[in-house]
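Chain and residue survey
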Amino acid sequence: MSAEPSLPTPSPAPRFGVWFIGARGSVATTAIAGCAAVTAGLRPPTGMVTETPDFTSCGLPPLSSLVFGGHDTVDCPLPKRAEHLVAGGVLPHGLPSAVHAELVAADREIRPGGPLPGDTDDGSGRHDDELIDVFAADMRDFAHRQGLTGAVVVNVASTEPAPTDGSLPPSSLYAAAALRAGFPYVNFTPSAGLHHPALAGQAATASVPHTGRDGKTGQTLLRSVLGPMFLQRALAVRAWSGTNLLGGGDGAALADPAAAAAKNAGKERVLADTLGTTPEGEVHIDDVPALGDWKTAWDHIAFDGFLGARMVLQTTWQGCDSALAAPLVLDLARLVARARERGLSGPLGELGFYFKDPVGDGPSSLAEQYAELRRFAGRLRDDAGDRGAQR
């Protein structure tokens, strides 16, 4: 009697890496814990654009396929960091224990970042090129050991001041390492990253996808909606002023006037682009440590109506930065990983929906940016089936 023919062993499901710069910070911790919670059905994917119907058929990596690692200069383990976020009202009670295994697994994949004290570019410590090599090797090792189909580097570290000399700031060292490792790169911060002049040539000819910088999560998101409204209704904006009150690591980082200036540049750019002019007024950022990961953003808009009638619109946005940013970070990791899988490379201007400072010459209005994002999702579809429907 002949033996039954054996069935072929199914191929393992593809897995995709997300390598965070600032992997033990609030945004990365919230993203890792949140991804695990949504995958397990413990929480809905609120705030994730890629989980809405417009994106279900473009073959995005399932949330369950994402593997996390990264670089950081601090050593607080992710489970403990998650408990701190519970105490601050960012994560719900009980969530860190429910996803403890996933947090521990991600924490094991975090490597020491830099530059550290003693690292210089004058030969007395690890110089820039050596640091880039070390960071790139960490990224490649992660992908190799985990057997990943692909991986994306996402910068969610604290905001740096704009560079004032030719040296590469940390964000640019990591960006250069991503290109050296062959990984797509997303800069969710206002820091230089690939925008540094020394990396302009590499960014222009990169064989991997990369995006704009500085995620659009709160005050600027609202500005990208209200600016076009005033323009389309032919209302003359005379002045637009704002204030941000925030704490946590971002509050401390943005207490540096140079870092705050880098942050505010994107906010001002959105107004100039959507209104066609730059109104009077500034944005002020105040560090209020007691607020922790929460922030309040206030805008005062003075505008003229028919026959010169003077009017004012005031808005107040109170939100949790990490909870606003984390779902967008997961969106971007999935979209860029899929773009790489589809053979796309270079700047992805179609992802301007997510950024204060997009690459390319795309629109600044949120509605127009969303239309571009939907068209981009269409480019990601193929005839190989709908992997994006698997959760």
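Quick note: structure is the one above.
A short tour of the structure in this document, coming up. (Residues numbered from 1 in each chain as written. Predicted model: local features only at pLDDT ≥ 70, side-chain atom pairs only at ≥ 80, totals over all residues. Heavy atoms only, no water.)

1. Points about helix H6 (residues 170-181)
An α-helical turn contains 3.6 residues, so any two residues separated by three or four positions project in the same direction. Over its 12 residues, H6 runs 16 Å from end to end, which matches the ideal 16 Å to within 8%, given 1.5 Å per residue. Burial analysis of H6 places 10 of its 12 residues in the buried class, which makes it a mostly covered element. Those residues of H6 that fall on the buried side of the exposure criterion are Ser171, Ser172, Leu173, Tyr174, Ala175, Ala176, Ala177, Ala178, Leu179 and Ala181. Buried positions along H6 lie against strand E1 (16-21), strand E2 (66-72), helix H5 (128-146), strand E4 (150-155), strand E5 (185-187) and helix H7 (200-204). Note on H6: the residue one or two positions beyond its end, glycine 182, has a positive phi of about 80°. (Helix = DSSP H or I, 4+ residues; strand = E, 2+ residues; numbered from the N terminus. Expected span 1.5 Å × (residues − 1). Buried < 20%, exposed > 50% of the residue type's maximum accessible area, 1.4 Å probe, protein only. Contact = heavy atoms within 4.5 Å.)

2. What to know about the packing of helix H1 (residues 26-39) against helix H2 (residues 78-87)
Closest axis-to-axis distance for the H1/H2 pair is 10 Å, and the angle between their directions is 100°. As summarised for this structure, H1 and H2 are arranged roughly perpendicular, according to the angle between their axes. On the side of H1, the interface is formed by Ser26, Thr29, Thr30 and Ile32, while H2 contributes Leu78, Arg81, Ala82 and Leu85. Per-class residue counts for the contact of H1 with H2 are 4 nonpolar, 3 polar and 1 charged. (Axes fitted to C-alpha atoms, helices over the stretch in contact; angles between N-to-C directions. Parallel < 35°, antiparallel > 145°, perpendicular 65-115°, else oblique. Nonpolar A, V, L, I, M, F, W, Y, C, P; charged D, E, K, R; others polar.)

3. Brief notes about helix H8 (residues 219-232)
Taking 1.5 Å per residue, 14 residues should reach 20 Å; H8 reaches 20 Å between its end C-alpha atoms and fits that length. Considered for burial, the residues of H8 that qualify are Gln219, Thr220, Arg223, Ser224, Leu226, Gly227, Pro228 and Phe230. A positive phi of about 55° marks alanine 234, the residue just after H8.

Function cannot be inferred from these measures alone, as they are strictly geometric.
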